[in-house]
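Chain by chain, the residues run as shown.
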2 protein chains.
Amino acid sequence: MKADSAPYYAVIFSNKLKPSAPELGYAKVAEQMQALAEQQPGYLGVESVRDAQLGITVSYWRDEDAIREWRNHVDHQVARNLGREQFYQSYHLRVAKVEREYHFEAEPIDG
Amino acid sequence: MKADSAPYYAVIFSNKLKPSAPELGYAKVAEQMQALAEQQPGYLGVESVRDAQLGITVSYWRDEDAIREWRNHVDHQVARNLGREQFYQSYHLRVAKVEREYHFEAEPIDG
């Protein structure tokens, strides 16, 4: 994530895929959306993990305008519709204002 | 997650484990802390995923007081120290106020 300090915004997207999502091309669409998001003004970064049960993607944005512009991007709208029709069994999307943050990095020699 | 509506708080904890974390008992400590968090006043729920590279745990709290009380819990303090000394290569912890949220659930017949 690029250097930036609170306050900024986080979009917390947790989701469960349908069993058929992989064969319907979910990974390719997700990859395209990630590449597109990175080009958006106000995009700060993303953290994403998926296991067999759940996926969590947290994307970070400078402000609410940046989130709104990304939501209104036409290719993103098409992908979201596809997601609801084909890929997702369920999801939660939360828009949250990051108020403070802490970073920890172990000493390299400590490993 | 229990029924609750915005605003409430999210603690976004993304982390990388040291290669030695599993053999040092990371899973057991994480499990104990999860059980303890669930008993805290103002705890609303958690979503957690880990793959080989990254773990993301998002816990949800009624308000900042609930987060502060959990942070000050003595067993949690001990576990956090252990985490920094033994388990984590790095982490980011972000405290964020959830301002709005959306939920989607596919029609059962659609799967």
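Every chain begins its residue count from 1, and numbering advances along the sequence as written. Each chain is given a letter, starting from A, and each ligand a number, starting from 1, according to the order in which they appear as written. In keeping with the model being predicted, local features are shown solely for residues with a pLDDT of at least 70 and side-chain atom pairs are shown and tallied solely at 80 or more, while totals for entire chains, interfaces and linings include all residues. Computation of side-chain values: all heavy atoms of the structure, hydrogens and water removed.

A. Here's a closer look at the packing of aromatic side chains. Within 6.5 Å between ring centres, the rings of Phe, Tyr and Trp (the latter by its six-membered ring) count as paired, and their orientation is classed by plane angle as stacked under 30 degrees, edge-to-face over 60, tilted in between. Counting across every chain of the model gives 18 aromatic pairs over all chains. Considering the side-chain rings of Y26 of chain A and F87 of chain A, the 5.4 Å spacing of their centres and the 75° angle between planes classify their relative orientation as edge-to-face. With Y26 of chain A in helix α1 (residues 26–38) and F87 of chain A in helix α3 (residues 74–87), this pair connects stretches of sequence that are 61 residues apart. Across the pair, exposure class does not vary: Y26 of chain A and F87 of chain A are buried alike. For the pair Y43 of chain B and W61 of chain B, a centre-to-centre distance of 5.4 Å together with 80° between the ring planes defines the contact as edge-to-face. Note that Y43 of chain B is positioned in strand β2 (residues 43–50) and W61 of chain B in strand β3 (residues 55–61), a separation of 18 residues in sequence. According to the relative accessible area criterion, W61 of chain B is buried, its value standing at 1%. Through pairs of rings, three or more aromatic residues link up here, namely F13, Y26, F87, Y88 and Y91 of chain A together with F104 of chain B. A run of DSSP states H or I qualifies as a helix once it reaches four residues; a run of E qualifies as a strand once it reaches two. Both are numbered from the N-terminal end. Using a 1.4 Å probe on the protein chains alone, a residue whose accessible area is under 20% of its type maximum counts as buried, one over 50% counts as exposed, and one in between counts as partly exposed.

B. Up close: the pairing of strand β4 (residues 88–105) of chain B. Here strand β4 (residues 88–105) of chain A pairs with β4 of chain B via 15 bridges, running antiparallel. Residue pairing for β4 of chain B: E105 of chain A is matched across the bridge by S90 of chain B. Only when DSSP finds a minimum of two bridges between them are two strands counted as paired. Relative to β4 of chain B, strand β1 (residues 8–17) of chain B runs antiparallel, the two sharing 10 bridges. Paired with Y8 of chain B across the two strands is V98 of chain B, which belongs to β4 of chain B.

C. Local environment of the pattern of salt bridges. What makes a salt bridge here is a side-chain nitrogen of Lys or Arg within 4 Å of a carboxyl oxygen of Asp or Glu, nothing more. As enumerated under the stated definition, the model contains 10 salt bridges over all chains in all. Close ionic contact of E64 of chain A with R100 of chain B constitutes a salt bridge, the shortest N to O distance being 2.9 Å. Linking E64 of chain A in helix α2 (residues 64–72) with R100 of chain B in strand β4, this pair reaches from one chain into another. Given the relative accessible area of 23%, R100 of chain B is considered partly exposed.

D. Local environment of the interface of chain B and chain A. Opposite the 41 residues of chain B that make contact, chain A presents 41 residues. By buried area we mean how much accessible surface two parts lose on assembly, using a 1.4 Å probe and totalling the loss over both. Summing both sides of the interface, chain B and chain A together bury roughly 3800 Å²; the carbon and sulfur share of this comes to 52%. Across the chain B-chain A interface, the total number found is 6 salt bridges. Nitrogen and oxygen atoms within 3.5 Å of one another constitute a polar contact, given that in protein one can donate a hydrogen and the other can accept it, and given that sequence-neighbouring residues count only through two side-chain atoms. On the surface where chain B and chain A come into contact, there are 27 residue pairs in polar contact (both at pLDDT 80 or more). With 18 residues, the single largest contributor to the side of chain B that touches chain A is β4 of chain B. In terms of residue class, the side of chain B that touches chain A is built from 20 nonpolar, 6 polar and 15 charged. Should any heavy atoms of two residues lie within 4.5 Å, those residues are considered in contact. Residues are grouped as follows: Ala, Val, Leu, Ile, Met, Phe, Trp, Tyr, Cys and Pro are nonpolar; Asp, Glu, Lys and Arg are charged; every other residue, Gly included, is polar.

E. Just the side chain of E47 of chain B, in detail. Examined against the element boundaries, E47 of chain B turns out to sit in strand β2. Owing to a relative accessible area of 13%, E47 of chain B belongs among the buried residues under this scheme. Apart from the residues lying within four places of it in its own chain, the contact partners of E47 of chain B are S14, L54, I56 and R94 of chain A together with I56, T57, V58 and Y60 of chain B.

F. View of the packing of α2 of chain A against α3 of chain A. Residue and element names in this part refer to chain A. In this analysis an axis means a line fitted to C-alpha atoms, helices contributing only their contacting stretch, and an angle means the value between N-to-C directions, from 0 to 180 degrees. The N-to-C vectors of α2 and α3 enclose an angle of 65°; their axes lie 5 Å apart at closest approach. Taken together, α2 and α3 sit at an angle that is classed as roughly perpendicular. Here W70, R71 and N72 of α2 lie close against α3, whose contacting residues are V74, H76, Q77 and R80. Class assignment of the residues belonging to the contact of α2 with α3 gives a composition of 2 nonpolar, 3 polar and 2 charged. Our angle categories are set so that under 35 degrees counts as roughly parallel, over 145 as roughly antiparallel, 65 to 115 as roughly perpendicular, and the remainder as oblique.

Function cannot be inferred from these measures alone, as they are strictly geometric.
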